[in-house]
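As a plain string of letters, each chain reads:
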Amino acid sequence: MSYVSDSSSLNKALRQQYLSLPQGHFCQVTYVWIDGSGEGLRSKTRTMDSEPKSITDLTEWNFDGSSTGQSEGRNSDMLLIPVCMFRDPFLLDPNKLVLCEVLKHTREPAESNHRNSCNKVMEKVKNLHPWFGMEQEYTLFGVDGHPYGWPRLGFPKPQGPYYCSVGADRAFGRDIVECHYKACLYAGIKISGTNAEVMPSQWEFQVGPCEGIEMGDHLWMARFLLHRVCEDFGVVATLDPKPMTGDWNGAGCHINVSTEQMREEGGIEHIEKAIEKLGKQHAEHIRLYDPHGGEDNKRRLTGRHETASIHDFSAGVANRGASVRIPRQVGQEKRGYFEDRRPAANCDPYAVTCAMARTCMVEEEEDVHELE
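What this report covers is the structure whose coordinates are included nearby. All values derive from a computational prediction rather than experimental measurement. In this convention, every chain numbers its residues from 1, walking through the sequence in written order. Thresholds applied to this predicted model are a pLDDT of at least 70 for local features of residues and 80 or more for the giving and counting of side-chain atom pairs; totals over whole chains, interfaces and linings are not thresholded and use all residues. Each side-chain value is worked out from all heavy atoms of the structure, with water and hydrogens disregarded.

To locate leftover empty space, one rolls a probe as large as a water molecule over the atoms. Any residue with an atom within 4 Å of a point lines the site, the site being either a cavity, points on a 1 Å grid over the protein atoms alone where a 1.4 Å probe fits but cannot get out, or a pocket, an open set with protein on both sides within 12 Å along at least 5 of 7 lines. Grid points are joined across faces, edges and corners, and a volume is the space filled by probe spheres set on the points. Size it by volume and the second largest pocket reaches roughly 330 Å³. Put simply, DSSP marks the helices as runs of H or I at least four residues long and the strands as runs of E at least two long, and each gets a number from the N terminus on. Counting residues per element, the lining of the second largest pocket draws most heavily on strand E8 (residues 202–211), at three residues. When the residues that make up the lining of the second largest pocket are grouped by side-chain class, the tally is two nonpolar, nine polar and ten charged. Each residue gets one label: Ala, Val, Leu, Ile, Met, Phe, Trp, Tyr, Cys and Pro are nonpolar, Asp, Glu, Lys and Arg are charged, and the others, such as Gly, are polar.

Working definition: with a 1.4 Å probe on protein chains only, accessible area under 20% of the residue-type maximum means buried, over 50% means exposed, and in between means partly exposed. Among the ten residues of E8, eight are classified as buried, and the element is accordingly described as predominantly covered. Strand pairing follows a simple DSSP-based rule, namely that at least 2 bridges must link the two strands. Where strand E7 (residues 191–196) meets E8, five bridges bridge the pair, whose relative direction is antiparallel. Residue Ala196 lies in a different strand from E8, and its bridge partner there is Trp203. In textbook terms, the turn of a hairpin is the stretch between consecutive antiparallel strands, and for E7 and E8 this stretch comprises five residues, one of which, Ser201, has a positive phi near 75°.

Each disulfide consists of a covalent bond between the sulfur atoms of two cysteine residues. Counting rule for disulfides: a pair of cysteine sulfur atoms within 2.5 Å. Scanning the model with the defined rule gives zero disulfides in all. Not part of a disulfide, Cys347 finds its nearest cysteine sulfur in Cys253, a span of 4.1 Å. The thiol sulfur of Cys354 is not disulfide-bonded, and the nearest other cysteine sulfur, from Cys118, lies at 4.9 Å. Its relative accessible area of 7% is what places Cys354 among the buried residues.

Looking at the secondary structure, you find Lys298 in helix H8 (residues 295–298). Using a relative accessible area of 48% as the deciding quantity, one classes Lys298 as partly exposed. For the pair Lys298 and Asn195, spaced 103 residues apart in sequence, the C-alpha to C-alpha distance is 25 Å. Each polar contact in these results corresponds to two N or O atoms within 3.5 Å; when the atoms are within protein, one needs to be able to donate a hydrogen and the other to accept it, and residues that are neighboring in sequence are counted only if both atoms are side-chain atoms. Here the side chain of Lys298 touches Glu295 through a polar contact of 3.0 Å, side chain to side chain.

Structure representation (structure tokens):
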């Protein structure tokens, strides 16, 4: 039996009694942001006199950056700039969740704010109508750091029966998965699917297709909802790219990419050109595909467990052991999209989509330098 948090055993029926109290015309708005680690999420809530109808109805806020790894104590105020609003699946309508960019007091983006530069690149390539879809893998753990549902002593049966599985002896934590799915749908996140993964207690959800900057906005908020749902159940969702050593799959965040040209008749030519460009920038993309400059992916991209080696770039049709996969249907129809399988589960989707757009969609080199 995995250990769950003490908070998860609190009386939820009593909690619901308070949550169901009327709140008049007031609205609770929870501001969400990425902290200094580039991986963690933080939030705090404020009261508004009425329900905000759009992002323009929301004001800037601030927080103590010295407590989130984003500033020093002697000059600690950081600014929260609302950028994307969602319905709140925990407090329900009319309450809101708001994703924010973080700025310094100088109004320059914080070091962990990759959305700012990503948005500039997406504006530059918007006429290409870039679509992205990301496949977020994660692993459930007890609060004691032990994989949820694994035997207290020893290991579960080897990989094989767990992928897309059904049954109490092979699918661990489905309640969390289904609650997260419904929470995303309620919030307005473009979640498109979910499934159990190859390693026991590992799951995946997909977000997309999203156009431009929307990809990062929706995936980050989906991650926030995942952590909040897990909090209610008393377990932990880790995005570690290799949470268990040994003969167990790692966790990635594969990205599916297309432009309008790729989706049109004969688009395979543009797909192949983009893949060729990616091959030339392999090392740079590896550096951007996890928050530690590629160090996390070293443990995952070994050439085993459905990955390509971190040291080599490869591509192929229907090849899940390649860096970039062209789906079988795309190969047959000669148009569609491609899948880059290198991003780690803990990647920043803003950094990944920005790198993808720079490499594959921004044509003139001076345009790229202009944005740096």
